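Read off the chains here:
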Amino acid sequence: MLRRSPRARALARAGAFAVAGFVPVLVLAWFVRTNATVQEADQAVVDAAVSVTLDNDWLLDTFVVWSAVTQPGWVVLAGGAVALWMWRRHDYPGRALWAVGTLLASWGLANLAKEAVGRVRPVVDEVILDAPGLSFPSGHATSAATAAVTITLLVWPVLGRVGRVVVPLVATTFALITAADRIFLGVHFPSDVVAGILLGVTISGASYLGYRGWSPTTRTTDAEIR
């Protein structure tokens, strides 16, 4: 029996990870298009969240600003800046290019998924934010989750013990606040942001497994990811 090379095994793991992550997204997409109960529950959560936002001016202002600064384009640029720092300061060109490529791919895939599903955005009585385009998955949530995982993996080799606790915690908090922001502003359903987080994590994880398998010269070792 032929033995697969380490590269082939790594790429197989990346493919398996991608399938495991994409299947729940596809199932969720099917439910939001065909199941009236899911649609009604989604709308009920949005209505309740928007009501809370409108009743609290400080929350409204915070979420509007957060929405602006977490636009996918800005997230990609911020991630690119961190990647450039890793390249120039710590001499990790391969990891830097992988990170930027992953962020861009995630942005593109989220937009393609929106077109494929074709779900319209929530309808609310009082519009807080004008958000054009389609709804599923949330582009903000997808980019935030992708950035959280990708940037954490990108900088992991240069982090100390404290950094390996703080960076994942901050990254996770960033992604969760961004996801909540979309619901409380009434521009996305809960299922949209759940799908976005799943999609972002899946893209980042599968991409990283593929990168490590495809690039035998990568400086990422088992010791770096413990």
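Residues numbered from 1 in each chain as written. Predicted model: local features only at pLDDT ≥ 70, side-chain atom pairs only at ≥ 80, totals over all residues. Heavy atoms only, no water.

Asks: Can you explain the packing of aromatic side chains? Please cite residues and give values.
Replies: For the structure on display, the rule yields six aromatic pairs. With 6.2 Å between their ring centres and 40° between their planes, Tyr 208 and Tyr 211 make a pair best called tilted. Of this pair, Tyr 208 and Tyr 211 both sit in helix α8 (residues 190-214), three residues apart, which is roughly one turn of that helix. Overall, Tyr 208 belongs to the buried group, its relative accessible area being 7%. Its relative accessible area of 12% is what places Tyr 211 among the buried residues. Taken together, Trp 98, Tyr 208 and Tyr 211 form an aromatic cluster joined through their ring pairs. (Phe/Tyr/Trp six-rings, centres within 6.5 Å; stacked < 30°, edge-to-face > 60°. Helix = DSSP H or I, 4+ residues; strand = E, 2+ residues; numbered from the N terminus. Buried < 20%, exposed > 50% of the residue type's maximum accessible area, 1.4 Å probe, protein only.)

Asks: Would you mind going over the packing of helix α3 (residues 57-69) against helix α7 (residues 163-184) in detail, with residue names and values included?
Replies: Relative orientation of the contacting elements α3 and α7 amounts to 115°, with a least axis distance of 10 Å. The handedness of the crossing between α3 and α7 comes out as left-handed. Along its contact with α3, which presents Phe 63, Val 64, Trp 66 and Ser 67, the element α7 presents Phe 174, Ile 177, Thr 178, Asp 181, Arg 182 and Phe 184. (Axes fitted to C-alpha atoms, helices over the stretch in contact; angles between N-to-C directions. Left-handed = near helix turned anticlockwise from the far one by under 90°. Contact = heavy atoms within 4.5 Å.)

Asks: Break down the pattern of salt bridges for me, citing the residues and quoting the values.
Replies: What the rule picks out here adds up to three salt bridges. A salt bridge links Asp 192 to Arg 119; the nearest nitrogen and oxygen atoms lie 2.9 Å apart. Note that Asp 192 is positioned in helix α8 and Arg 119 in the loop between α5 (93-117) and α6 (139-155), a separation of 73 residues in sequence. For the pair shown, Asp 192 and Arg 119 are each scored as buried. For Arg 182, the salt bridge identified is with Asp 181, shortest N-O distance 2.9 Å. Residues Arg 182 and Asp 181 agree in their burial class; the two are buried. Several salt bridges converge on common partners, so that one network encompasses Asp 42, Arg 119 and Asp 192. (Salt bridge = Lys/Arg side-chain N within 4 Å of Asp/Glu carboxyl O.)

Asks: Tell me about the confidence of the model for the chain, and please be specific about residues and values.
Replies: The predicted model of the chain has a mean per-residue pLDDT of 87, with 92% of residues at 70 or higher. This stretch, residues 218-226, has a pLDDT under 50; its non-local contacts, to residues over four places away or in other chains, come to 24 contacts. (pLDDT = per-residue confidence, 0-100.)

Asks: An account of the side chain of Arg 182 is requested, with residue identities and associated values reported.
Replies: By the secondary structure assignment, Arg 182 is in helix α7. Those residues within four positions of Arg 182 in sequence are excluded, and the remaining contacts are Ser 67, Ser 138, His 140, Val 187, His 188 and Val 193.

Asks: Can you tell me about a nonpolar patch on the surface, naming the residues and giving the values?
Replies: The grouping of Val 19, Val 23, Val 27, Trp 30 and Phe 31 at the surface amounts to a nonpolar patch, some 460 Å² of accessible area in total. Following the sequence through the fold, Trp 30 ends up in helix α1 (residues 6-34). (Patch = residues over 30% accessible without salt bridge, like charges linked within 9 Å, V, L, I, M, F, W, Y side chains within 5 Å. Areas by Shrake-Rupley, 256 points an atom, 1.4 Å probe, with all protein chains shown as cover.)

Asks: Go over α3, please, and point to the residues and values.
Replies: For an α-helix the count is 3.6 residues per turn, leaving residues at separations of three or four pointing the same way. Under the 1.5 Å per step criterion, the end-to-end length of α3 is 19 Å for 13 residues, consistent within 8% with the ideal 18 Å. Of the surrounding elements, those touching the buried residues of α3 are α2 (36-54), α6 and α7. (Expected span 1.5 Å × (residues − 1).)

Asks: Requested: an account of helix α4 (residues 72-90), with residues and values cited.
Replies: The terminal C-alpha atoms of α4, which comprises 19 residues, lie 26 Å apart, in line with the 27 Å expected from a rise of 1.5 Å per residue. Inspection of α4 places Pro 72, Val 75, Val 76, Gly 79, Ala 83 and Met 86 among the buried residues, and these make up the whole buried set. Projected down its long axis, α4 carries its buried residues within an arc of 95°, all on one side. Opposite its buried face, α4 presents the exposed residues Trp 74, Leu 77, Arg 88 and Arg 89, each directed more than 90 degrees away. Among the structural elements, α5, α6 and α7 are those in contact with the buried residues of α4. One or two residues past the end of α4 sits Asp 91, with phi positive at roughly 60°. (Arc of directions from axis to C-beta.)

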